[in-house]
Structures are given as structure tokens and as C-alpha cells.
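Residue-level structural notes
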There are 2 protein chains.
Amino acid sequence: MATFFNSVSLVGSISDMKKYTVQDVFKGVNFSLLELEIAEKAFEEILVKKGDVLLTPGQFVPYQYFVFSGCLRTYFISETGKEYTLQFAIKDWWITDYTAFFTNEKSMFYVDCVTDAVICKISKESMEQLYKEVPQIESFFRVKMERFFGSYQKRILSDLASSAEEKYLRFVKSYPDIEKNIKNYHLASYLGITTESLSRVRHELAKK
Amino acid sequence: MATFFNSVSLVGSISDMKKYTVQDVFKGVNFSLLELEIAEKAFEEILVKKGDVLLTPGQFVPYQYFVFSGCLRTYFISETGKEYTLQFAIKDWWITDYTAFFTNEKSMFYVDCVTDAVICKISKESMEQLYKEVPQIESFFRVKMERFFGSYQKRILSDLASSAEEKYLRFVKSYPDIEKNIKNYHLASYLGITTESLSRVRHELAKK
DNA sequence: CTTGTTTATTACCATACATCAATTTTTTAG
DNA sequence: CTAAAAAATTGATGTATGGTAATAAACAAG
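No experiment lies behind these values; they were computed from the predicted model shown. (Residues numbered from 1 in each chain as written. Chains lettered and ligands numbered in written order. Predicted model: local features only at pLDDT ≥ 70, side-chain atom pairs only at ≥ 80, totals over all residues. Heavy atoms only, no water.)

Another aspect to go through is the interface of chain B and chain A. Listed by partner, the interface residues are 32 residues for chain B and 32 residues for chain A. Taking both sides of the interface into account, the surface hidden between chain B and chain A amounts to around 3200 Å²; carbon and sulfur atoms contribute 72%. Applying the counting rule to chain B against chain A returns 2 salt bridges. Put simply, Glu138(A) and Arg142(B) hold a salt bridge, and the shortest N to O gap is 2.7 Å. Linking chain B to chain A there are 8 residue pairs in polar contact (both at pLDDT 80 or more). Broken down by secondary-structure element, the contributors of at least two residues to the side of chain B that touches chain A are strand S5 (83-89), helix H3 (98-103), helix H5 (135-161) and helix H8 (184-191) of chain B. With 17 residues, the top contributor of residues to the side of chain B that touches chain A is H5(B). Its residues assigned to classes, the side of chain B that touches chain A comprises 18 nonpolar, 7 polar and 7 charged. (Contact = heavy atoms within 4.5 Å. Buried area = accessible area lost by both parts, 1.4 Å probe. Salt bridge = Lys/Arg side-chain N within 4 Å of Asp/Glu carboxyl O. Polar contact = N/O pair within 3.5 Å; in protein donor to acceptor, adjacent residues only side chain to side chain. Helix = DSSP H or I, 4+ residues; strand = E, 2+ residues; numbered from the N terminus. Nonpolar A, V, L, I, M, F, W, Y, C, P; charged D, E, K, R; others polar.)

Written as C-alpha cells, this is what we have:
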């Protein structure tokens, strides 16, 4: 099934190809040449394949990942063996187990690739260094986290107040580009319903 | 019922009583005397009463609130008239509609007082000014938001993966000091179940 | 203390979604 | 293109939680 990041299909750094740059990562930040150079060094661009696992439960979380292309997800497997998807990440999103990343605790989650992807990774230490050397970046991330926070808030509300059908509709409306990339069972595990229920929800909606 | 903040029971600033200080708000921050003075000015300490409403849906969100004592909550009322509680805040917590606060959009939520409380409020403009004048405070809030974020993440997971009973047990274990302050229907609206179901859950647990 | 009001409990029935199992459709690999 | 595997659908049935209503308990005001 899923193959582990360290053991397979790590195609390697292609940063010298300059397909993507740090400026793609920090859109809107006005770097000086010096700052740009500092930021460049903090990143490593990598290719990953569908099924690759970037993070497993029980590990510390040294990196966060920025997605240039493709689709990744964070998910959790309960004691009963069921999968629950916390987050998907497509182009321009960041992903990792942020709770563990921030607190230096061990992760509860898997992060894996739903499709082949081009991503870059940055370590926590590099991040903190960057905050000091390029103060704009601390603000940049603050704003990112604020938005992220907002999306979590909306989700909590949606989970509390909505039926399976409503949650499904909200998802496809909010994230049409994600739906294209994922299997039904991925989406079901995000919505907190079974694949069977998702199938029935779609069937009902199609009739309308 | 609930009385509006602007219209009633605003006991007024008692900052000259020096019961609480900005140092209580920013625990761990080492202020210079000058910085302390700057920070002091950004705050207004106020007494609020059970039922007072600090924020209503459709309003812009000029303030965030820090709780010195008492209990507040953020909640949402759906089209069907049901209440869903997003968050409670007791001593040392911050509360507002952060999504709207950050994005300068109108709130979807009410914030009201579950009990009489002593709080202080700070405006978004003051915040941003403070970030500039006391850089430690931007870091302070980043860490706060990181923790907040983590609690939201855990909640999303709990909502996805847990039964009513499990969610209840998680809540009382995580927030024993909150449970003391709130009515059953407050807790039910946070867990996303009915008061009847909460009552049954407790009944079942008592038998064990 | 008494009375009215708010909050919590209990019982009975309804429903959304889960579970299990069989089948069809789509995707993948040779 | 074909065969095997993975994913999605459909049907029959089970279960947790919701809805309604009646009652009881807790709280608040005079």
C-alpha cells in the first residue's frame, strides 16, 4: 500500500531547476535580495508520489510542507481502525500536524499523498530562524494561521449544526478543487460519514 | 433575558483599582517600563453581568476580550433556531469571534456572559499598534493562537470520531473548571447534542 | 417559606446514519 | 485489450441520538 517517504520514491531536490521559488511560497512578501537568499536556504523542494507517507503517528514533527502541486492529507486512525481526515492540502496550502509541530509533541496523525505532488518542506528551526531574519515572515505566518483558524472554526460549526448532505454541499462549494483530487472514501472520512452514506447523499442530490 | 452590553450593567472601568494588570494578561512577557505603559493604555477593564451580550451577529468585531474571572461563551444560532456553542472562556482565556476579528468581516456569533465576569477588552487597532511597539507581543499572540488552534484541531477530531458519551467525558476531563460554570444546555450545545441526550449520557455513566 | 420560573429528567416514538453483504463500476497493471 | 484489484453503489436491517411531551427538580423573587 502506502510506501514510506524515507524508503521510496523520493525523487530528490530539484531546486536547481527553479520550477518553483520561495517567492511562490511567500506570495505578497517583499523580500530584499539578502532576505530572499536567506529564505531560499531554508527550503528543500521535493517530489512525492501518491501513497507516500510524510508523517506517522508517534513521530516528532520536524517539518511543515508547502504544496506547489498535487494533493496531500492529514488523517487519524482511531483504535477501532477507522480513518478520520483532518485536512486536505492542494496548491498553495500548508500542511503538517500543526498541533504537534507547534508544541514539539509527537504527532497523532499521518500525512500522506493523495496524488503525486511537488512540495517543499521547511524545518521548525529554519522557521524560527526566518522569523528573526525576515520579520515580515512572522507576520505572513500569523495571517496564514488566522485564516487556517477561521476554516477550522467554520468546520466545527458545520460539524455541529449540519446534516451529512449539508456538510457535503458545503465541502464541494468551499473546495471544488479538492474534490477533483480525492476518492469518495477520503471525502467521507473528512465529513465523518461512511462511504455508503456519501453515496446515498449524492444519489439523493442527483434526483433533485 | 439577555441584556445588551451597551444598554445595561456596564459597571465601568475600574482600572484605577489595579485589581488586575496587563502583566496578568501577558504572563511571561518581560516588559520594559515604557512598554508596560504603552500596553496599559491599550486596555480597558470592565465588569459584566450574567446575560450581558458583548457581540451580536452582523456586527463588526472591534474587540477581543481577556477574562480575569467568570465565564463567557461564543455561540451561533442556526436558521432553525438552535444554539451551537463554539467556545467557552474562563480565567486567563481570550474570547471573541476571531474569524471576523481577523478578517474584518461581520460576526456570525454572539458572545455573552454565562456568569458575572471581570474582563478587559482591547481593540484591533490597539493590538496592531502594540505589535509594532512591543514586538514580544506579536510572538506572545502567535503562541496563544497556536494553542488555540490545537484545541480546535482536537475538537474537530473528537466531533468526527466520538460518540456523545465520549465527547462528554473528554469535555469534563479537559475543562473541569468550565463545567462548574455552565448549565447543561450550554454544554449540550457545545457537544452538539440535545439536553435530553446529555441527561441520558450522564444517567448511563452514573450507573457504571 | 412559598410560589413561579427555569432547568433537568424520563418515557415513548421517529429518523438519520451505520453496518453488513452483495453487486456493479472504475481503475490499475500487465 | 484484458484481467485483477480497488472503489462505489445498492438493499436490508440495526442503533444512537433526536423530537415531543409530561414530570420533577432546582433556583429565584417576593
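Reading across from one edge, S2-S7-S4-S5 (chain B) is the order of the 4 strands in this open sheet, with antiparallel pairing throughout. Here the strands that pair on one side only, and so sit at the sheet edges, are strand S2 (53-55) and S5 of chain B. Averaged over all adjacent pairs, the angle separating strand axes in this sheet is 30°, with direction ignored. Running at roughly 135° to S5(B), helix H5 (residues 135-161) of chain A makes contact with strand S4 (72-77) and S5 of chain B of the sheet. (Pairing = 2+ DSSP bridges. Axes fitted to C-alpha atoms, helices over the stretch in contact; angles between N-to-C directions.)

With an RMSD of 0.1 Å, the operation that places chain B on chain A is a rotation of 180° combined with a shift of 0.0 Å along the axis. Those values place the two copies in the arrangement expected of a two-fold rotation axis. Mapped onto chain A, 100% of the interface residues of chain B are again interface residues, and the two copies thus contact each other with one and the same surface. (Least-squares fit on C-alpha atoms with pLDDT ≥ 70 in both.)

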